[in-house]
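Coordinate inspection notes
If you want the building blocks of each chain, they are given just below.
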Amino acid sequence: MLENYLIDWESIVDELKRKNAKKVLIELPEGVRSGIFEIEERLKDFDLAFSGENVYGACDTINDMEGFDAVLHFGHSRIPNLNYSDKVIFVEMRRRVHIDESKFEIPGFTRIGLLATIQYLDLLPKISDILKRQGKSGIISRGDERLTYPGQVLGCDFSAATMIKDKVDCFLVIADGEFHATGIAISTGKETFALDPNTGIIRKIDTETFIRKRYAMVEKAMNAKNIGIIVSKKIGQKRFNLAKFLKEKIEGSGRKASIIMMDEITPQKLANFPFDIYVNTACPRISLDDAELYDFKIVTPQEIYLAIGEKPLDKYTVDMINEL
Ligand code: SF4
């Protein structure tokens, strides 16, 4: 499993030694958990334990690390504007992927904005070179302070695309699945293509179905009288000020609203509250990817603005975490 990734083991060991760390807690995203025996082997000089908690991004690394000298957080890059404990070490993993130049084609566009999730970032300069050989240009932007690298995209941050939307003809996004590309297409209004790193297939993103489903949710929120506002306790998802602002706005629209603080957000934990719908200020993917799990009763902050008449109904935007 881990052989599909480039991991700088030497730097990890150096960093652990520099911190004089003996007891090390390891956080692994679900997709690479089968690699724990290789990690045991590579770091056999340290006293290791693995976290069994879910970990979705650098936004939810463990804060309570009592008893450990260091936390190795695999798979994500540090979010630069968060104050992590200095015990946390981020271990980035670049996936080994080959792009077949002979099949690489985005017809009809010349200036192409390039983005990738962290594990595919190394492909951006390669694709830029391919585009140059095709007489086109690949444009890579820095984005905001939530992003570590130029061209990086998170499911909650499309700023590396929005900042250059007027300088490009379209976007190409390399990620697993189409969530990031869909977010970029909606937030920029530009034609967007998704490159599937597993197959090399490039598909044009269709936002219509996504937006239709989200408006159905906005309609539910319009009819809601009691609204729960979810705030995450996770270091990079906690938007308490936004929740307070939303509460004021919702109450101003004649509805009732309460703020619910949560660590891991699950439908079971929310089951007994008397709300008609929830607004989720934590990871946007919870509302957008997992709506089914929440019985389609969960909206984003931007969607509640539409529902309560705070923003024009035809101005749909995706949720981004720009400030906490
Ligand atoms: S908030 Fe969600 S999309 Fe953003 S980094 Fe965390 S897990 Fe990823």
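Model, not experiment: these values are computed from the prediction.

1. Digging into the domain arrangement of the protein chain
What the domain assignment lists for the protein chain is domain 1 (2–94), domain 2 (101–204) and domain 3 (212–307). On a C-alpha basis, the centres of domain 1 and domain 2 stand 28 Å from each other. Taken together, the contact pairs 13 residues of domain 1 with ten residues of domain 2. Across the domain 1/domain 2 interface, buried area totals approximately 910 Å², and carbon plus sulfur atoms make up 49% of it. Counting every contact that joins domain 1 to domain 2 gives one salt bridge. In this structure, D122 engages R94 in a salt bridge whose closest nitrogen and oxygen atoms are separated by 3.2 Å.

2. Side note on the pattern of salt bridges
Taken as a whole and judged by the stated rule, the model has 20 salt bridges. The residue K204 makes a salt bridge to E191 at a minimum N-O spacing of 3.4 Å. Pair noted here: K204 is in strand β11 (residues 202–204) and E191 is in strand β10 (residues 191–195), with a separation of 13 residues, a long-range link. For K234, the salt bridge identified is with E264, shortest N-O distance 3.7 Å. Highlighted residues: K234 in the loop between β12 (226–232) and α7 (240–252) and E264 in the loop between β13 (256–262) and α8 (267–270), separated in sequence by 30 residues. A relative accessible area of 11% places K234 in the buried class. Within this structure, D60, K234, D263 and E264 form a network of salt bridges that share partners.

3. Points about unusual backbone geometry
Positive phi, close to 55°, is recorded for D295, a residue that is not glycine. Position of D295 among the secondary structure elements: in the loop between α9 (284–289) and β15 (298–299). Judged by its relative accessible area of 52%, D295 falls in the exposed class. Of note, F296 is a non-glycine position whose phi angle comes to about 55°, a positive value.

4. Concerning the sheet that holds β11
Strand order in the open sheet formed by five strands is β8-β7-β9-β10-β11, and the pairing between neighbours is mixed. Looking along the sheet, the strands with just one partner apiece sit at the ends: β8 (137–139) and β11. Here the average twist between neighbouring strands, direction ignored, is 30°. In this structure, strand β7 (residues 111–116) lies alongside strand β9 (residues 170–174), joined through five bridges in parallel fashion. Within β9, the residue paired with L114 across the bridge is L172. Each of β7, β8, β9 and β10 touches helix α3 (residues 123–133); the most contacted strand, β7, lies at about 160° to it.

5. Looking at the environment of Y149
Turning to its location among the elements, Y149 is positioned in the loop between β8 and α4 (159–162). You can call Y149 partly exposed: its relative accessible area is 27%. Once the C-alpha coordinates of Y149 and I118 are considered, the two residues, 31 residues apart in sequence, prove to be 8.4 Å apart. Setting aside residues no more than four positions away along its own chain, Y149 makes contact with S77, E92, R94, I118, L121 and R142. At a separation of 2.8 Å, a polar atom in the side chain of Y149 contacts the side chain of E92.

6. What to know about the packing of aromatic side chains
For the structure shown, the criterion picks out six aromatic pairs. Considering the side-chain rings of F275 and Y278, the 5.4 Å spacing of their centres and the 70° angle between planes classify their relative orientation as edge-to-face. Classification of F275 as buried rests on a relative accessible area of 11%. By way of ring pairs, the aromatic residues F273, F275 and Y278 are connected into one cluster. Positioned over the ring face of Y149 is R94, at 5.2 Å from the centre of the ring. Geometry around F179 places R285 over its ring, the cationic atom sitting 4.2 Å from the centre.

7. A word on the pairing of β12
For β12, the tally of buried residues reaches six of seven residues, placing the bulk of the element in the interior. Alignment of β12 against β13, held across seven bridges, turns out to be parallel. Its bridge partner being in β13, N226 is matched across the sheet by K256. Regarding topology, α7 serves as the crossover connection from β12 to the parallel β13, and that connection is right-handed. Alignment of β12 against strand β14 (residues 277–280), held across four bridges, turns out to be parallel.

The rules behind the values
- Residues numbered from 1 in each chain as written.
- Predicted model: local features only at pLDDT ≥ 70, side-chain atom pairs only at ≥ 80, totals over all residues.
- Heavy atoms only, no water.
- Domains from an automatic or database assignment.
- Contact = heavy atoms within 4.5 Å.
- Buried area = accessible area lost by both parts, 1.4 Å probe.
- Salt bridge = Lys/Arg side-chain N within 4 Å of Asp/Glu carboxyl O.
- Helix = DSSP H or I, 4+ residues; strand = E, 2+ residues; numbered from the N terminus.
- Buried < 20%, exposed > 50% of the residue type's maximum accessible area, 1.4 Å probe, protein only.
- Pairing = 2+ DSSP bridges.
- Axes fitted to C-alpha atoms, helices over the stretch in contact; angles between N-to-C directions.
- Polar contact = N/O pair within 3.5 Å; in protein donor to acceptor, adjacent residues only side chain to side chain.
- Phe/Tyr/Trp six-rings, centres within 6.5 Å; stacked < 30°, edge-to-face > 60°.
- Lys NZ or Arg CZ within 6 Å of the ring centre and 35° of its normal.
- Right-handed = clockwise from strand over helix to strand, strands pointing away.

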